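# Analysis of the macromolecular model
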Amino acid sequence: MFDVNVIGTFHLIKAALPLMKKDRKSRGPASIAIISSQAGQVGIYGYTAYSASKFALRGLAEALQHEVIADDIHVSLIFPPDTDTPGLEEENRRKPELTSIIAGSSGMMKADEVAKKTIDGIKKGSFIIPCNIEGELLSIATAGLSPQRSYLMAFLEVIAASPVRLIGLFFQWNWDMKLEIDPLERMESSSRQKVQS
Ligand SMILES: CCCCCCCCCCCCCCCC(=O)[C@@H](N)CO
C-alpha cells in the first residue's frame, strides 16, 4: 500500500518534473494534483496502513510545493470521502464494519462529484481541496502550517479553529463509543498514567 500510494506518487512526480519545469515561464502555470483521502486528515479504525500512506502524501505535497513554486508549479492535495467506485465495492467485501460506520460520518460521493471538486480546486490554485461539508470542517481542523492562497479561507481558518476543535472532539467521543470505549474513562485513564510516570 505504501509502495503504490507514496513511493509511486514520488517517482511519478520525480519523472515528470524536469519536463514540467522546461520553458515553464513561457507556457504559463502548471499543476500537480495529489489524491489523498479524508483518512489522510484523521486516523480511522481499520485504516492503519491506508491512513499512514495518505498522511504521508501531505508531507510530500507541502515540501514539494516549496520546491517548485519558483517554477510556477502549483501543488494541490485532494481529500475525498468514501467514493462510489468498483474499488470501494471491492474494499467493502473485506473491511471491518466499524471502518464503514466511522467513515460513514462523512457520507459517500460519486466519482464525478469528486472529479468536479478536484478540477475546480486546481483551477483556483487551492493547495488543500476538500470535497464535501465534512471535508471543509476537516480541512479547517487540520490546517496546520499548510500554504493558504485565499485570504478569505485564511481568515475563516483562524476564526473557526477553536469551535472546529470542539466539533472534532465530539466526533472522537462518538467514535470511541462505537468502539465501546467510554470516552470520559479514556480521558481519566490517560491523566492517571501521567501521575504514575
Ligand atoms: C472537525 C470535524 C470533522 C467532521 C467530519 C469527520 C468525518 C471523518 C470521516 C473520514 C472518512 C474517511 C473515508 C476515507 C475513504 C477512503 O479513502 C477509502 N474508503 C477509499 O477506498
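Residues numbered from 1 in each chain as written. Predicted model: local features only at pLDDT ≥ 70, side-chain atom pairs only at ≥ 80, totals over all residues. Heavy atoms only, no water.

## Focus on the site of the ligand
Neighbouring the ligand are 21 residues; S37, Y47, Y50, D82 and E91 lie closest to it. Measuring from an oxygen atom of the ligand, one finds a side-chain N or O atom of E91 at 2.5 Å. Out of a free accessible area of 600 Å², the ligand has 93% covered by protein chains. Here the ligand is seated within the largest pocket. (Near = heavy atom within 4 Å. Polar contact = N/O pair within 3.5 Å; in protein donor to acceptor, adjacent residues only side chain to side chain. Areas by Shrake-Rupley, 256 points an atom, 1.4 Å probe, with all protein chains shown as cover. 1 Å grid on protein atoms, 1.4 Å probe; cavity = no way out; pocket = protein on both sides within 12 Å on 5 of 7 lines; lining within 4 Å. Sits in = over half its atoms within 2 Å of the grid points.)

## What about the layout of surface pockets?
Of the volumes computed, that of the largest pocket is approximately 860 Å³. Taken together, 37 residues form the lining of the largest pocket, with S37, Q38, A39, P80 and L138 sitting closest to its centre. Considering only residue class, the lining of the largest pocket consists of 20 nonpolar, 12 polar and five charged. Reported here for the second largest pocket is a volume of approximately 470 Å³. (Points joined across faces, edges and corners; volume = space filled by probe spheres on them. Nonpolar A, V, L, I, M, F, W, Y, C, P; charged D, E, K, R; others polar.)

## What to know about the packing of aromatic side chains
Per the stated rule, a full pass over the model turns up three aromatic pairs. Seen in terms of ring centroids, Y47 and Y50 are 4.9 Å apart; in terms of plane orientation they differ by 45 degrees. Their pairing is tilted. By relative accessible area, Y50 is classed as partly exposed at 24%. (Phe/Tyr/Trp six-rings, centres within 6.5 Å; stacked < 30°, edge-to-face > 60°. Buried < 20%, exposed > 50% of the residue type's maximum accessible area, 1.4 Å probe, protein only.)

## Quick look at the pattern of salt bridges
Applying the stated criterion across every chain, the model contains eight salt bridges. Notably, a salt bridge pairs K22 with D23, separated by 4.0 Å at the nearest N-O pair. Residue R58 is joined to E62 by a salt bridge in which the shortest nitrogen-to-oxygen separation is 3.1 Å. Here R58 and its partner E62 are both found in helix α3 (residues 48-68), four residues apart, which amounts to about one turn of the helix. R58 sits in the buried class, given a relative accessible area of 12%. The structure contains a network of salt bridges with shared partners spanning E90, R93 and R94. (Salt bridge = Lys/Arg side-chain N within 4 Å of Asp/Glu carboxyl O. Helix = DSSP H or I, 4+ residues; strand = E, 2+ residues; numbered from the N terminus.)

## Comments concerning the pairing of strand β1 (residues 30-35)
Here β1 shows a clear split, with A30, I32 and I34 buried on one side and none of S31, A33 and I35 buried on the other. Sheet topology note: the β1/strand β2 (residues 73-79) ladder contains six bridges and is parallel. Counted as the bridge partner of A33 is S76 from β2. Handedness of the β-α-β unit built from β1, α3 and β2 comes out right-handed. (Pairing = 2+ DSSP bridges. Right-handed = clockwise from strand over helix to strand, strands pointing away.)

## What about the packing of helix α7 (residues 133-141) against helix α8 (residues 151-178)?
At a minimum axis separation of 8 Å, α7 and α8 run at an interaxial angle of 95 degrees. The orientation of α7 relative to α8 falls into the category roughly perpendicular. Listed contacts from α8 to L137, I140 and A141 of α7 are M153, L156, E157, A160, V164 and I167. For the contact of α7 with α8, the per-class residue count stands at eight nonpolar, no polar and one charged. (Axes fitted to C-alpha atoms, helices over the stretch in contact; angles between N-to-C directions. Parallel < 35°, antiparallel > 145°, perpendicular 65-115°, else oblique. Contact = heavy atoms within 4.5 Å.)

## Remarks on the side chain of S53
Structurally, S53 can be placed in helix α3. Residue S53 is classed as buried on the basis of its relative accessible area of 0%. A distance of 2.8 Å separates a polar atom in the side chain of S53 from the backbone oxygen of Y50. Once residues lying within four places of it in the same chain are set aside, the contact partners of S53 are M1, F2, N5 and V6.

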